[in-house]
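Descriptive structure summary
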Amino acid sequence: MSLNRNSSFFGRGSTRSAKAPADTTTSTGNTSTSTAGTAKGGVLKDALEQVKKGVPIHPEHSAFAAVLDAVKHSESIDDRKLLLEHGLNFISNLPPGRLQQDAQDKVIKLLYNDLCHPPATCIGNKYAWRQADGRFNNVAIPEMGKAGEPYARSVQQTHPLPANELPDPGLIFDSLLKRDGFVKHPAGLSSLMFSFAALVIHTCFRTSHTDVNVNETSSYVDLSPLYGHNQESQNKVRNRDGRGCLYPDIFAEDRLLLLPPAVCVILVLFSRNHNYIARKLLEINERGTWQDPSKITDEEDLKKQDEEIFQTARLVNCGWFGSAVFSDYVSCILGLVRQGSSWTLDPFGDIRNSDHSTFERGQGNVCSVEFNCLYRWHATTSEQDEKWVDTVFEKIFEGKSPEQVTPADFKSAAKKIQASTPDIHHWTFGGLQRDENDMFNDEDLAKVLKDATDHPAGAFRARGTPASMRLHEMMGIMQNRAWGVCSLNDFRRYLGLKPYSTFLEWNPDPEIAYAAEKLYGNIEYLELYVGLQAEEAKPVVEGAGLCPGYTISRAILSDAIALTRGDRFFTHDYTPYNLTSWGFADCQRDPNAWGFGSTLGRLFLRTLPEQFTNNSTYAFFPLMTPESMKVNLKNLKCSDKYDLERKGPIASFQTVKDYRQIGDILKSSAFTTPQYQERVKKVVKGKG
Ligand code: HEM
């Protein structure tokens, strides 16, 4: 089939010229062939023939120019150079046969690969908003990664573990994991770094106590500890008064009440951030469809408005959480903070394969059992948090020693605590009190954060886990066995890492290697959980900041990318339409922000406005101890820019500054209309 017999391979410019391509092309009906040069010699030969014949080559529209442009700018082809038309015309002029068919197939593949198959997303609120239990993240497989579904398993077990001869979990803890003294984290990470990490893991894991195969929360970074892991728990935190807000300083996850208080404090800040965002959304009222709730008389209308604002604010707040992960958290994990770098991994963007097909993203995720093992970072507990855990332990288990408590004790204690916990509006933690409006005192919250920044985290290492966490670790080991996970070496093979041939290679500390050999006999039998926790840790080198065991260090990144790139709400549906233009701009990570692009700093100043100076290292490097930041900032020759002092409440001006920063981001964003920018300017000015 010929698409356009009258135009030449050299395109529209040539056909329009007086000495048009008809001069150079012989048409013979269906079996027409172009000149031999076109069919066989391709673009260059044709171009030469044109020149020889004195046919002017229109520089803009020649096939040569089009091909050159495509080679030079494969990611942003100038379609005004008509490459596609030249190509199709070329194919149409080929003699029917193999060559023509092959060329046509290539074009069809290219065009098909332009788009995602199956489609990346669908429109409408069902898909634009996060469902409470995480369903519909993958539009075609709505159950993927939903709360209440089984974990995934990534790695095939190929070496049988001698099930009945595996060592006793208590003995493993006592000989390989139990802390034999506190060792400070070598890269200067603070205890708050691991409070933030604990928030991340509670977002992804909630292993059922009745069926260990089931993850009771969604497999997405959706702030489920704040918003609840299903509709029932979400209903408890929303006040549904038409403003889309949460109850004051509320969060849904009761498991956090047993952790050191800094974890809950970070979550309270995200709770406050939700309400700040919801209020702003209503104030700006970007689409002009919302009203002052006090003026809405119809209950259904009120519900509808509340739902729209709540869901939009949740998307923006999750954007904030994602930005905090990829700024402050990743910066510490990769050690970028020591180099003063604001670079980060950005896993969300559209990536094209060489055949122009899209590299998969936003297709959902299911957290794996291996990921769950990788993330048990109990060895990093600070000395102060260890004391905290000891106290809680004594209170719960009433005088029993860590060696005496059993998993059954743990489960019955968990039930008892749940039954005795006050209603969700009055939950407290760390001895903090709520005021008459159910809000915590800002200074109290800030103190917990500053303490956790001051306290150094523990180093990842064998024999580094506090004694009172014996039961947690034993339960972890037993879960691993129940899940049928592979051995450490199988896991390393899967990742393309060299399997260990001796225990000493795995951990060169002879005491640890010897103890492990005694327990397991053969390095191939070393279980994943234990192998990961007691492996030699990575040293502090460029590119490393977290410094866990070597295998954790490699594998954690793969799971983190799967988790975030797989999330439709961070990829295809992370749009100014779904989040509103203001919301979309508000939650962007700003690489030029203080703290080498810190997001947590902005969150702290916004939600605790009078508690930090506006260049405080406690706000902008909270995941590093001030002691370590003093050295890092000195090495980077920017100590004078930051305030390293721990200060109490200070005069309030940061909120306004923060607010102006957002105004600046908005002004530079291409997607907002001039009218909208005017409106925002007014709002910003009003506040300033
Ligand atoms: C001092 C602080 C911590 C305490 C007291 C603590 C305590 C616990 C307890 C009691 C469990 C068992 C929970 C259950 O089965 O319901 C657990 C599980 C777990 N912990 Fe921790 N933890 C702490 C910090 C951390 C940190 C910093 C991380 C890593 C970032 C972490 C990662 C995990 C993971 C991944 C699980 C499994 C969760 C699940 O499968 O549901 N923990 N922890």
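Residues numbered from 1 in each chain as written. Predicted model: local features only at pLDDT ≥ 70, side-chain atom pairs only at ≥ 80, totals over all residues.

As annotated in an unreviewed UniProt entry, the protein chain carries the name Heme peroxidase and comes from Marasmius tenuissimus.

What follows deals with helix α29 (residues 626-635). Taken together, the buried positions of α29 are occupied by P626, S628, M629 and L633. One side of α29 holds all its buried residues, which, seen down the axis, span an arc of 145 degrees. In α29, the exposed residues that point more than 90 degrees away from the buried face are K634 and N635. Close packing links the buried residues of α29 with α17 (442-454) and α28 (617-620). Just past α29, the residue K637 takes up positive phi, approximately 55 degrees. (Buried ≥ 20, exposed ≤ 12 C-beta atoms within 10 Å, placed from the backbone. Helix = DSSP H or I, 4+ residues; strand = E, 2+ residues; numbered from the N terminus. Arc of directions from axis to C-beta. Contact = placed C-beta atoms within 7 Å.)

Domains assigned within the protein chain are domain 1 (12-113) and domain 2 (132-570). Domain 1 and domain 2 are separated by 56 Å when their C-alpha centres are compared. (Domains from an automatic or database assignment.)

What follows concerns the site of the ligand. Among the 20 residues in the neighbourhood of the ligand, the closest are listed as F194, A197, F205, T207 and W377. Among the secondary structure elements, those contributing two or more residues to the shell around the ligand are α8 (191-204) and α15 (383-397). Looking at the shell around the ligand element by element, the count peaks at 4 residues for α8. Classifying every residue of the shell around the ligand gives 10 nonpolar, 6 polar and 4 charged. (Near = placed C-beta within 6 Å. Nonpolar A, V, L, I, M, F, W, Y, C, P; charged D, E, K, R; others polar.)

Each pair of packed helices can be summarised by the angle the axes make with each other and by the distance between the axes. Interaxial distance between α8 and α17 falls to 5 Å at its minimum, and their mutual angle equals 115 degrees. As judged from the angle between their axes, α8 and α17 are roughly perpendicular. Contacts between α8 and α17 pair S191, L192 and S195 from the former with L449, A452 and T453 from the latter. Each residue belonging to the contact of α8 with α17 can be placed in one class, and the counts come to 3 nonpolar, 3 polar and no charged. (Axes fitted to C-alpha atoms, helices over the stretch in contact; angles between N-to-C directions. Parallel < 35°, antiparallel > 145°, perpendicular 65-115°, else oblique.)

Moving on to helix α12 (residues 299-333). The end-to-end C-alpha distance of α12, which contains 35 residues, comes to 48 Å, matching closely the 51 Å that a straight helix rising 1.5 Å per residue would cover. Along α12, the sharpest change in direction is near 30 degrees and occurs at V325. For α12, a buried count of 26 out of 35 residues is recorded, marking the element as mostly surrounded by other parts of the structure. Once α12 ends, the next one or two residues include G335, with phi positive near 75 degrees. (Expected span 1.5 Å × (residues − 1). Bend = angle between axes of the 7 residues up to and from the residue.)

Relative to the elements of secondary structure, V448 occurs in helix α17. Residue classification places V448 among the buried residues on the basis of 24 C-beta atoms within 10 Å. The sequence separation of V448 and K411 amounts to 37 residues, and the corresponding C-alpha distance is 29 Å. The residues touching V448, leaving out its near neighbours within four places in the chain, are P261, A262, V265 and G430.

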